[in-house]
Structure formats: structure tokens, C-alpha cells
Amino acid sequence: MNGRNKAARAFVILGSLVLFASAAIHSAAGFKVGFPALSASNLAPQLQTGFRVVFLSVAWHWVVVAVVALLAGLSQMSLRRILVLWCGLAVLFEAAAGAAMMGLFIGNEIIGTGGLLLFCGGLLFDQSRVQA
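Residues numbered from 1 in each chain as written. Predicted model: local features only at pLDDT ≥ 70, side-chain atom pairs only at ≥ 80, totals over all residues. Heavy atoms only, no water.

Caption draft 1: Spotlight on the packing of aromatic side chains. Scanning the model with the defined rule gives three aromatic pairs in all. Here the aromatic rings of Phe31 and Phe35 are separated by 5.0 Å at their centres, their planes lie at 80°, and the arrangement is edge-to-face. One end of the pair is Phe31 and the other is Phe35, both in helix α1 (residues 3-40) and four residues apart, which spans about a single turn. Exposure remark for Phe31: the relative accessible area of 54% places this residue in the exposed category. Owing to a relative accessible area of 6%, Phe35 belongs among the buried residues under this scheme. Seen in terms of ring centroids, Phe35 and Phe55 are 5.7 Å apart; in terms of plane orientation they differ by 70°. Their pairing is edge-to-face. Here Phe35 is found in helix α1, whereas its partner Phe55 is found in helix α2 (residues 45-74), with 20 residues between them in sequence. The exposure class assigned to Phe55 is buried, which follows from its relative accessible area of 18%. Pairwise contacts between aromatic rings join Phe31, Phe35, Phe51 and Phe55 into one cluster. The ring of Phe35 is capped by Arg52, whose NZ or CZ atom sits 5.7 Å from the centre of that ring. (Phe/Tyr/Trp six-rings, centres within 6.5 Å; stacked < 30°, edge-to-face > 60°. Helix = DSSP H or I, 4+ residues; strand = E, 2+ residues; numbered from the N terminus. Buried < 20%, exposed > 50% of the residue type's maximum accessible area, 1.4 Å probe, protein only. Lys NZ or Arg CZ within 6 Å of the ring centre and 35° of its normal.)

Dropping the structure here:
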């Protein structure tokens, strides 16, 4: 494996770790801060349940994207570059949309960093299929 692919794999691993950490922080913050505040609100119980589901689904989404990018980046499959780029772009678009709707905050910056690491890793992979 050449240095370029090693660097690409390192970026993919780091980007995936950032997304795993974001999912853990997001879930922990939901249970510690968000859900108790939601219970104290006058929001209808059905909407409170929906909010909890969406909140935890976002964290699960980051885990799934990180796993797909990690599996693609560490494999020798011919579509690894496309998959890693796609995962990185998806997270970058999510961070940008979140920043546009909610403003900048640490959550958008963290997932944006993870998406950028994945995207850069995808760009570094050789287009040809290189054996490890």
C-alpha cells in the first residue's frame, strides 16, 4: 500500500471516530439535558416521543455513516472511494444545513470536522484498485 492510501485510511479512521464520538455525546446530552427539559415542557406527549425518536435517530445515523465509511475505507473494494466521498459529503451537507437552521454551535462543528476528514480521505484514495 502506498503512502497516499495509508493517509486516506488514517483520515477515514479519524473521521469515523469523530462521528462515533459525536453520536455518543449527542445521545448522552439528550438523556442528561434534552429529555428532562422536554418532560418539563407543555409539549403534547406524542410530540415529546417523536422528538426523542428523532434526536436518537440522528445519533444512530452518524454511527451508520461512520461504520459504512470505515468498512469501505479499510476494504479493497473498487467502490471504496465513492462510498467514502459520499459519506463525507452527506455529513458535510448535514452540518451545513444544521448550521443554516440552528446557527453555529459545537455539534455542527464536530460533525462538520468528521465529514471533512471523511471527504479528504476519499479524495486521497487512488482511483485504481491498489492491493494492501
